[in-house]
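Chain by chain, the residues run as shown.
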Amino acid sequence: MTETNVVPDDVDAAAQTPYFRRDESRFVPNSIARGGWGPSLSGHVVGGLLGWAVERAVDDPDLQPARLTVDLPAPVALEPIEAHTTVHHDRRRLRLVESVLTQRGTPVARGSALFLRRGAQPEGQVWSPTLQLPPLPTEDGAQPTLFMRTYGWGTELQNRDPDWADTSGPKYTWLHETRSLIDGEPLSAFVRAAMAADITASLANWGTSGLQFINADYTLTLSRLPEGPHIGMAALTHYSHDGVATGSAVLADRKGPIGSGVSVAIAHSGFRPTLVNPATE
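Colleague: Hey, could you run me through the overall build of the protein in this one?
Modeller: Scanning the protein from terminus to terminus reveals three helices and 17 strands. Taking as baseline every contact in the protein between residues at least 6 positions apart, the subset at least 24 positions apart corresponds to 66%. When the accessible surface of the protein is summed, it comes to about 13400 Å², and 50% of that surface belongs to carbon and sulfur atoms.

See below:
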């Protein structure tokens, strides 16, 4: 039901190893799906799989995926996963879908998605803050960090532009997911956005001592689907007290803002992102 973005031909074929392979009804993760918090799956591939599952329950092209909430109550092991999807409400103007990921029969993650019917845009203007996002770099070859090919400003970890190098200030990044989620299937625009929204926690919670909060859940909201393979993100807010944090970010494509991400996180140390060597994956 959504636009499909094909991985560009100029990306190294080895870098196109999918995060999951299909084994009948199960999804078996490849090692590249491991996240930065230890021997468990990255939140962005868990969210991507939930997005993929709920999207398959909607076959009406006029229904816009407007909200996806991903609950990450426990580490998801590098083991086979099953997805169980239920449509809870199916009305003329909306559809509410839930998918639960299980391992060995135990739920490990949950996604709830709201699809709304597109219609006429009301007249008038509504205030919204101006998005300040660095231009999309034109050069290829930036090293993959945070498990995606990223072009970032504002952190020491990512590839930075000198004009956006303050590590204590706002964080910005352009994301370009170069891998398929499942067995070489092209990424849909919605799944691409679902995977990107997990980075909200990294942008919003990254401070002068690095990343000290781990995602407990995140929510993606979309006014429209992203166009093209690049998704830009700009951190909006971070508030934390007594080890509990909430943060938000704007999501955009080349044409402008498309929605937002919100993350709820808890204090945790030990984030160790892995720089990917495409020749070995």
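Anyway, onward from the coordinates.
Colleague: Looking at this structure, how should I read helix H2 (residues 189-197)?
Modeller: Count 3.6 residues to each turn of an α-helix, and residues three or four apart come out pointing the same way. Of all the nine residues making up H2, nine are buried; the element is thus mostly covered by neighbouring parts of the structure. Buried within H2 are the following residues: Ala189, Phe190, Val191, Arg192, Ala193, Ala194, Met195, Ala196 and Ala197.

Colleague: Can you walk me through the nonpolar core in this structure?
Modeller: Within soluble globular proteins, side chains that are nonpolar tend to cluster in buried spots. One finds Phe20, Leu181, Leu220 and Met233 to be the most contacted residues of the largest nonpolar core, which totals 50 residues. Contributions of two or more residues to this core are made by helix H1 (43-55), strand S4 (63-71), strand S6 (94-103), strand S7 (106-117), H2, strand S14 (213-222), strand S15 (230-241) and strand S16 (244-253). A total of eight residues in this core trace back to one element, the largest contributor, which is H2. Beyond its immediate chain neighbours, meaning those up to four positions away, Leu181 contacts Pro18, Tyr19, Phe20, Val45, Gly48, Leu49, Trp52, Leu187, Val191 and Met195. By size, the runner-up hydrophobic cluster in this structure holds six residues, among which are Leu133, Leu136, Trp174 and Ala234.

Colleague: For this particular structure, what's the right way to read the packing of H1 against H2?
Modeller: Here H1 crosses H2 at 150 degrees, and the two axes come no closer than 7 Å. Considering their axes alone, H1 and H2 lie roughly antiparallel with respect to each other. The chirality of how H1 crosses H2 is right-handed. Contacts from His44, Val45, Gly47, Gly48, Gly51, Trp52, Val54 and Glu55 in H1 reach Phe190, Val191, Ala194 and Met195 in H2. When grouped by side-chain class, the residues that make up the contact of H1 with H2 number seven nonpolar, four polar and one charged.

Colleague: Would you mind going over the pattern of salt bridges with me for this structure?
Modeller: Opposite charge on two side chains permits them to pair, given that their charged atoms come into close proximity. Per the stated rule, a full pass over the model turns up eight salt bridges. In this structure, the salt-bridge partner of Arg95 is Asp59, at a minimum N-O distance of 3.8 Å. In this pair, Arg95 is assigned in strand S6 and Asp59 in the loop between H1 and S4, connecting sequence segments 36 residues apart. The exposure class of Asp59 is exposed, given its relative accessible area of 66%. Where Lys255 meets Glu227, a salt bridge forms, and the shortest distance between an N and an O atom there is 2.8 Å. Within this pair, whereas Lys255 is found in the loop between S16 and strand S17 (256-267), its partner Glu227 is found in the loop between S14 and S15, the two being separated by 28 residues in sequence. The class of Glu227 is partly exposed, set by a relative accessible area of 36%. Salt bridges here are not isolated pairs; linked through shared partners, they connect Asp59, Asp90 and Arg95.

Colleague: In this structure, what is going on with the environment of Gly43? I would like to understand it.
Modeller: Turning to its location among the elements, Gly43 is positioned in helix H1. Ignoring sequence-local partners within four residues, the contact set of Gly43 consists of Asp198 and Tyr218.

Colleague: It is not clear to me how the packing of aromatic side chains should be interpreted in this structure. Could you clarify?
Modeller: Geometrically, a pair of aromatic rings is defined through the distance of the ring centres and the angle of the planes. Counted by the stated rule, this structure contains two aromatic pairs. Between Phe27 and Trp52, the ring centres sit 5.3 Å apart and the planes meet at 80 degrees, which makes this aromatic pair edge-to-face. Here Phe27, found in strand S3 (residues 26-29), pairs with Trp52, found in helix H1; they are 25 residues apart in sequence, far enough to count as distant. Side by side, Phe27 and Trp52 carry an identical accessibility label, which is buried.

Colleague: When you look at the side chain of His230 in this model, what are you seeing that I'm missing?
Modeller: Within the secondary structure layout, His230 lies in strand S15. Among the residues examined, His230 registers a relative accessible area of 12% and is labelled buried. Once residues lying within four places of it in the same chain are set aside, the contact partners of His230 are Leu136, Trp174, Leu175, His176, Ala252, Asp253 and Arg254.

Colleague: Explanation requested: the confidence of the model for the protein in the structure shown.
Modeller: As a note on interpretation, predicted positions should not be read in detail where pLDDT is low. For the protein, the mean per-residue pLDDT works out to 83, and 80% of the residues sit at or above 70. Confidence drops under a pLDDT of 50 for residues 142-149, and excluding neighbours within four residues, the segment shows 41 contacts in the predicted structure. Contacts from residues 275-281, a stretch scored under 50 in pLDDT, to residues over four places away or in other chains number 15 contacts.

Colleague: How should the layout of surface pockets be read in this particular structure?
Modeller: Think of a ball as big as a water molecule: rolled over the atoms, this probe shows where empty space is left. There is about 480 Å³ of room inside the largest pocket. Going through the elements one at a time, H1, helix H3 (200-205) and S14 are the ones with two or more residues in the lining of the largest pocket. Take the lining of the largest pocket: its biggest share by element is four residues, from S14. Grouping the amino acids of the lining of the largest pocket by side-chain chemistry returns 18 nonpolar, eight polar and one charged. Within this model, the second largest pocket holds a volume of roughly 370 Å³. Gln121, Pro122, Glu123, Gly124, Gln125, Val126, Trp127, Ser128, Ser223 and Arg224 together form the lining of the second largest pocket. Here the lining of the second largest pocket is composed, by residue class, of three nonpolar, five polar and two charged.

The rules behind these values
Residues numbered from 1 in each chain as written. Predicted model: local features only at pLDDT ≥ 70, side-chain atom pairs only at ≥ 80, totals over all residues. Heavy atoms only, no water. Helix = DSSP H or I, 4+ residues; strand = E, 2+ residues; numbered from the N terminus. Contact = heavy atoms within 4.5 Å. Areas by Shrake-Rupley, 256 points an atom, 1.4 Å probe, with all protein chains shown as cover. Buried < 20%, exposed > 50% of the residue type's maximum accessible area, 1.4 Å probe, protein only. Core = buried A, V, L, I, M, F, W, Y, C linked by side-chain atoms within 4.5 Å. Axes fitted to C-alpha atoms, helices over the stretch in contact; angles between N-to-C directions. Parallel < 35°, antiparallel > 145°, perpendicular 65-115°, else oblique. Left-handed = near helix turned anticlockwise from the far one by under 90°. Nonpolar A, V, L, I, M, F, W, Y, C, P; charged D, E, K, R; others polar. Salt bridge = Lys/Arg side-chain N within 4 Å of Asp/Glu carboxyl O. Phe/Tyr/Trp six-rings, centres within 6.5 Å; stacked < 30°, edge-to-face > 60°. pLDDT = per-residue confidence, 0-100. 1 Å grid on protein atoms, 1.4 Å probe; cavity = no way out; pocket = protein on both sides within 12 Å on 5 of 7 lines; lining within 4 Å. Points joined across faces, edges and corners; volume = space filled by probe spheres on them.

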